[in-house]
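Okay, here's what each chain looks like letter by letter:
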Amino acid sequence: MLLWIRQQLGFDPPHQSKTRTVYVANRFPKHGHCKPQLFADNRVISSKYTAWNFVPRNVLEQFTRTANLYFLTIFIITFVVDSPTHQVTHAIPLSIVLTVTAIKQGYEDWLRHKADNELNGAPVFVVRNGNLFQTKSKNIRVGDIVRVAKEETSPADLVLLSSDRVDGTCYINTASLDGETSLKTHYARSETAACQSVSKLEALQAVVECQQPEADLYRFVGRITVTHQGEEIVRPLGPENLLLRGARLKNTKEIFGVAVYTGMESKMALNYKCKLHKRSMVEKSVNTFVIIYMGIVLFLTVISTIMGHVWQLEKEWDEPFYNPKTETERNAGKIWKYIQDFLTFLVLYNKMIPISLCVTMEMVRFFGTYFIVWDSDLYHEESDQPAQVNTSDLNEVLGQVEYVLTDKTGTLTENEMEFRECTINGKKYQEVNGKLLPEGMAEESLDSSTPHLTGDELFFLKALSLCHTVQISYDQPDCSVGVGDPLSLANGSSTRMEYYALSPDEKALVEATNRMGVAFTSNSGETMEIKTFGKSEKYKLRHVLEFDPNRKRMSVILQTPSGGEVLFTKGAESAILPLTTSGEIEKTRLHVDEFALKGLRTLVFACRDFSPEEYIDVNRRLNAARSALHQREEKLQEAFSYVERDLQLLGATALEDRLQDKVQETIEILRLAGIKVWVLSGDKHETAVSVSLSCGHFHRTMNILELLQQHDHDECAEQLHRFAKMIKEEDNVVQYGLVVDGDSLSLALRRHEKLFMEVCKSCSAVLCCRMAPLQKAMVVHLLKNSPGKPITLAIGDGANDVSMIHEAHVGIGIMGKEGLQAVRNSDYAIGRFKFLAKLLLVHGHLYYFRVAMLVKYFFYKSVCFTMPQFFYQFFCLFSQQVLYDPITDMMYNTIFTALPILVYSVLEQPIHPHVLQSEPVLYRDISRNSLLHFRTAESRYWTFLSFCHGFVLFFGSCILMGEDTMLVGNGQLFGNWTFGAFVFTVMLITVTLKLALETHFWTWMNHLVMWGSVAFYIAFSLVYGSVFWPFFHTQNMYFVFHQLLLSCRAWFAIIIIAIICHLPDVVKKVIYGHLQSTYTRKSQSIPETQA
């Protein structure tokens, strides 16, 4: 029990050895000393709190805020000194702030718990005690045999034992892990592939030994020992034998696998960056304001303490006859007296730091999230999903984004490829309604009753339909692949043929040839069958020369129905054209360039016929290379190069990787708003570059720098220095784009972080390809911690994007086709990339402006409240006498001035949303925290104005309502509490009018709370002062406010003081509006109808 507790607390890891031993079906050896290893359970946790740590952890987080810690200190001080205010007036506001914040954050974390429980409670089937037993995903243990059915995702990392196929293969989609939508083939070892039933699996005796969990998705080292008839058979295990958690089973009825990594030890979970507590830059600015104003409070406190003791140097003021000291006070030491007076003044002036600021910000953020959810422009009709807000703490950060780091597959694209054009023997063609037509030819000119393809065109389509590794699935019950006549199944009304490919372009090409009459109908592994306008042709598959990034091409060697041997090759034009010796090479090159200018992905096709002698030599070379035990890769490359030569050029194809709607426009809008876009993709270099060009991320006029296939630190550094020098020499005359792959990135981040980031930030656009999930997070981390500390936003749709979503200042999930992991772990979720523009330019702009005004206004009205209290001490010999009644004192920030600024901060629109969206440049005006940085003129102006208003409020009241001023005709003079009530009243009206001056967007609710708050104060003061309240020790305000309202001089003084306070502000706004009119101020003058 103690060991388990230590592991849960993180003192002892569940596993300490370098390898783990997994007994299949948890059948441990009956003899010998076997101590089972301890493994993690299968729960995945994205929440931050638990039931037992919520209160202490949340309270601790809240007291990391300087303001909360300050108020806690003040509350404690009230118990130490003879406080001029009661402890309750400090305890109640602080408790409200902590409680409201805890409720809000607890509710948001409860939503995460709910999503986790849904995932962990998903039903799964495991083999236990000879039966197929249904349980919850969280109950899977390491060693359990798990069944996964077609279209289901793997609930843990499984070593494949068997599938419904005789050869033990299955096809999976890992789009939610690495962003690649192509199918991958995984294999079971032949010794376990025959265990296709529960009874055979129950009888299986096997042990898996493998490495401990690591985050690398593409690395797995292990071995399986199968005991058969007393004999142990050992077979190696690699990545092709491991089904990762989150991978979706395709084109296979079911598989069985043994769980080796579960829960937070699965590779998918290890690629999750630990969820950080994200803090808005506004919170940091608030802490800065708190520290600055705390310094002001300390300064006022020191001045008051010194002045108080200067007065007390005279005996008549030190101990007046009407207030004699006690014996304890006379004997108290001077140092303690100084400390006591200092702390007392500190309590008296503490209201300069607004306690209700934090809770008001929380409420504004909470209510503001509903405007995002309710925005019909962010609603995605196809998926019937509105925008989703998982945390409201970052609303204002949406208005400060400087870099957007986006995934490619599923975020910028639809995960769909479409055939557009091709060139055959130097002649361009296009597809029109399923027919291949020469460019410029109309469909009506063809005779639809007969096939219209020439020999060259038909041969080219055959090359497209045969040069691939596509698999076929038929949607028909009890129909397995390769059984029966595929074409009859495809032509049947109850079945549908579906292609699964290792790359989306292969699938698009096969589907295109199918539409044009050359249908790929079967691939049994040894033969490939096509039907040309209904006529069947079978080709024997001799060899597949797999694609690799060095060759940039792939090939197949087939035996034709006539018995000849032919090689079909496809790849990038740079990899194929230099190897061709015949065909229309120059025309094809020209057409490929034209296709590329349109943003289309191009593939060049070529062929080579072998004589019997040539094929014998080729076959020998390939077999020898494949069977080599040492330097296999080098020998294969040598053999491939020998085979893929002397090619005859056939033509080229042009495919469009269909982008999401308005992706190009969105990227351009973000660029105009001053936001740089980086694409972080797990896809191949060529694919990623092509999409970047088609979506406008890279422009054709950009000078593209490539940092690819770097394996040496010195070479990498030299290349980076060359790029930096090149960019510096151009001096922003030429725009640069940078392309970097995962291997080169690893080198750059290891020793050359600063240089790499310097080059990246100097480029207009950056593309990182072949990225592992943690590498994405590393790039985000490096960028956000680079000089200038730019605000980053990460957006993606798959589980492979979760790490960078966690790492960025703001993480956004796309509700796409790759599961909900990104959505669950994001701060915000939207249906399409195009929604990002309005989310930032409209909602982000408005939220930042509102919260910035909220912060400045809160400190403004707090200074207006505190400075009269300070000035009043000069008139009461610094005796720590309060100016305001304790009840109105407590209600100033929490009641009387709370609702107007709350409604303003929720509804204010300084610029119409349509203008914000149509003028992206307005986003630049609020960048770099320009409205809240204390060094800016705007922040200093608000600070200066607040102290001026505090001065005018007090001394204006003294002048207009002097000591001998009569309130009523009976000659009664006002007293201390009447003067304080007057100052409080004119102060409340002044700060309310200031908010009215700052309001651009008036609604009935603004009018209600703004003027209603003043009316409520008057009504409350009348009721409060007209009754003897039994639970109050004193009744200072009895009928004071009634007498104040009866004085015409008092009303006149209120009007005069309010005008004096706001007249300079009005003049300043008029002058600045005409002489220094910024683009933002001009946009504010655009009427709503025009917008």
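Above this text sits the structure in question.
Anyway, here's the lowdown on the structure attached to this text.

### Examining the overall build of the protein chain
Each helix and strand counted, the protein chain has 38 helices and 35 strands in total. Relative to its 1091 residues, the protein chain shows a buried fraction of 55%. For the protein chain, restricting intrachain contacts to residue pairs at least 6 apart in sequence, the fraction spanning at least 24 positions comes to 73%.

### Side note on the environment of F955
With respect to the element layout, F955 can be found in helix α33 (residues 937-960). For F955, a relative accessible area of 25% translates into the label partly exposed. Spatially, the C-alpha atom of F955 lies 8.4 Å from that of F871, the residues being 84 residues apart in sequence. F955 has contacts with F871 and F875, leaving out every residue within four places of it along the chain.

### With respect to the pairing of strand β29 (residues 676-680)
Burial within β29 is extensive, with 4 of its 5 residues counted as buried. In the sheet, strand β15 (residues 403-406) pairs with β29 via 4 bridges, with the strands oriented parallel. Following the sheet pairing, L405 is matched in β29 by W678. Taken together, the 3 bridges between β29 and strand β32 (residues 765-769) define a ladder with parallel strand orientation. Residue pairing across strands places W678 opposite V766, the latter belonging to β32.

### Here's the deal with the nonpolar core
Nonpolar side chains in soluble globular proteins tend to end up buried together. Of all hydrophobic cores here, the largest spans 146 residues; its most connected members are V404, L793, L836 and L840. V24, V146, L177 and V226 belong to the second largest nonpolar core, which has 46 residues in total.

### A closer look at helix α34 (residues 976-998)
Between the first and last C-alpha of α34 there are 33 Å, a value that for 23 residues agrees with the 33 Å anticipated at 1.5 Å per step. For α34, the tally of buried residues reaches 20 of 23 residues, placing the bulk of the element in the interior.

### Notes on the pattern of salt bridges
As enumerated under the stated definition, the model contains 41 salt bridges in all. Taken together, the salt bridges that share partners define one network made up of E283, E362, R365 and E396.

### Let's talk about the sheet that holds strand β2 (residues 123-128)
In spatial order, the strands read β3-β2-β4-β13-β5-β11; together these 6 strands make up an open sheet with antiparallel pairing. Of all the strands in the sheet, the pair left with one neighbour each is β3 (131-136) and β11 (242-243). Sheet topology note: the β2/β3 ladder contains 6 bridges and is antiparallel. Following the sheet pairing, V124 is matched in β3 by T135.

### Some points on the pairing of strand β18 (residues 435-438)
Residues K435 and L437 line one face of β18 and the alternating positions L436 and P438 line the opposite face, and both faces are buried. Direction of pairing for strand β17 (residues 427-432) relative to β18: antiparallel, over a ladder of 4 bridges. By the bridge assignment, Y429 is partnered in β18 with P438. Connecting β17 to the antiparallel partner β18 that follows it, the hairpin turn spans 2 residues, and N433 within it adopts a positive phi of roughly 50 degrees.

### What to know about the packing of helix α30 (residues 886-896) against helix α35 (residues 1004-1024)
For any two helices packed against each other, one specifies the inter-axial angle together with the distance between the axes. At their nearest, the axes of α30 and α35 sit 12 Å apart, and the two run at 155 degrees to each other. Taken together, the axis directions place α30 and α35 in an arrangement best described as roughly antiparallel. Like other packed secondary-structure pairs, α30 and α35 cross with a definite hand, here right-handed. Two secondary-structure elements touch here, α30 through I887, M891, I895 and F896 and α35 through S1013, F1016, Y1017, F1020 and Y1024.

### Notes on the packing of aromatic side chains
For any two aromatic rings, the description comes down to two numbers: the centre-to-centre distance and the angle of the planes. Following the criterion strictly, the structure yields 43 aromatic pairs and no others. With a centroid separation of 5.1 Å and an interplanar angle of 90 degrees, the aromatic rings of F75 and F79 are classed as edge-to-face. Residue F75 and its partner F79 are located together in helix α3 (residues 66-80), separated by 4 residues, close to a single helical turn. Here Y107 and W110 contribute two aromatic rings whose centre-to-centre distance is 6.2 Å and whose plane-to-plane angle is 25 degrees, an arrangement assigned as stacked. With Y107 and W110 both in helix α4 (residues 88-120), this residue pair falls 3 residues apart, about one helical turn. In this structure W110 comes out as partly exposed when scored by relative accessible area, which is 47%. Connected via pairs of aromatic rings, a cluster forms that spans F345, Y349, F870, F871, F874, F875, F878, F951, F954, F955 and F979. Lying across the ring of F125, R147 places its NZ or CZ 4.8 Å from the centre. Seen from the ring of Y642, R621 lies directly overhead, with NZ or CZ sitting 3.8 Å from the centre.

### A look at a nonpolar patch on the surface
The grouping of I76, F79, V80, I335, W336 and I339 at the surface amounts to a nonpolar patch, some 620 Å² of accessible area in total. Those elements that provide at least two residues to the nonpolar patch are α3 and α12 (334-348). V80 gets classed as partly exposed once you look at its relative accessible area, which sits at 47%.

### Describing the packing of helix α9 (residues 281-311) against α12
The N-to-C vectors of α9 and α12 enclose an angle of 135 degrees; their axes lie 9 Å apart at closest approach. With respect to each other, α9 and α12 are oriented oblique. Along this stretch, α9 crosses α12, giving a crossing that reads as right-handed. Facing V297, L298, T301, V302, S304, T305 and H309 of α9, the residues of α12 in contact are K337, Y338, D341, F342, F345 and L346. A per-class count over the contact of α9 with α12 returns 7 nonpolar, 4 polar and 2 charged.

### Some words on unusual backbone geometry
In the Ramachandran plot, R928 falls in the positive-phi region, its phi being about 60 degrees despite a non-glycine side chain. For R928, a relative accessible area of 43% puts it in the partly exposed group. Phi angles above zero are rare outside glycine, and N929 is one such case at about 55 degrees. When you line up the elements, N929 lands in the loop between α32 (913-918) and α33. Assessed through its relative accessible area of 9%, N929 is described here as buried.

### With respect to the sheet that holds strand β8 (residues 206-211)
What the 4 strands build is an open sheet, ordered β1-β8-β9-β10; its pairing is antiparallel. Edge positions in the sheet fall to β1 (19-23) and β10 (231-237), since each has one partner strand and no second. Across the sheet, the axes of successive neighbouring strands diverge by a mean angle of 20 degrees, strand direction being ignored. Here 5 bridges tie β1 to β8, and the two strands are oriented antiparallel to one another. Bridge pairing links T19 to Q211 in β8.

### Here's the deal with the environment of A673
The topology assignment puts A673 in the loop between α21 (663-672) and β29. With a relative accessible area of 3%, A673 lands in the buried category. When the C-alpha atoms of A673 and L922 are compared, they prove to be 7.1 Å apart, with 249 residues separating the residues in sequence. In this structure A673 touches L841, P920, Y923 and R924, once residues within four positions along its chain are discounted.

Calculation rules
Residues numbered from 1 in each chain as written. Predicted model: local features only at pLDDT ≥ 70, side-chain atom pairs only at ≥ 80, totals over all residues. Heavy atoms only, no water. Helix = DSSP H or I, 4+ residues; strand = E, 2+ residues; numbered from the N terminus. Buried < 20%, exposed > 50% of the residue type's maximum accessible area, 1.4 Å probe, protein only. Contact = heavy atoms within 4.5 Å. Pairing = 2+ DSSP bridges. Core = buried A, V, L, I, M, F, W, Y, C linked by side-chain atoms within 4.5 Å. Expected span 1.5 Å × (residues − 1). Salt bridge = Lys/Arg side-chain N within 4 Å of Asp/Glu carboxyl O. Axes fitted to C-alpha atoms, helices over the stretch in contact; angles between N-to-C directions. Parallel < 35°, antiparallel > 145°, perpendicular 65-115°, else oblique. Left-handed = near helix turned anticlockwise from the far one by under 90°. Phe/Tyr/Trp six-rings, centres within 6.5 Å; stacked < 30°, edge-to-face > 60°. Lys NZ or Arg CZ within 6 Å of the ring centre and 35° of its normal. Patch = residues over 30% accessible without salt bridge, like charges linked within 9 Å, V, L, I, M, F, W, Y side chains within 5 Å. Areas by Shrake-Rupley, 256 points an atom, 1.4 Å probe, with all protein chains shown as cover. Nonpolar A, V, L, I, M, F, W, Y, C, P; charged D, E, K, R; others polar.

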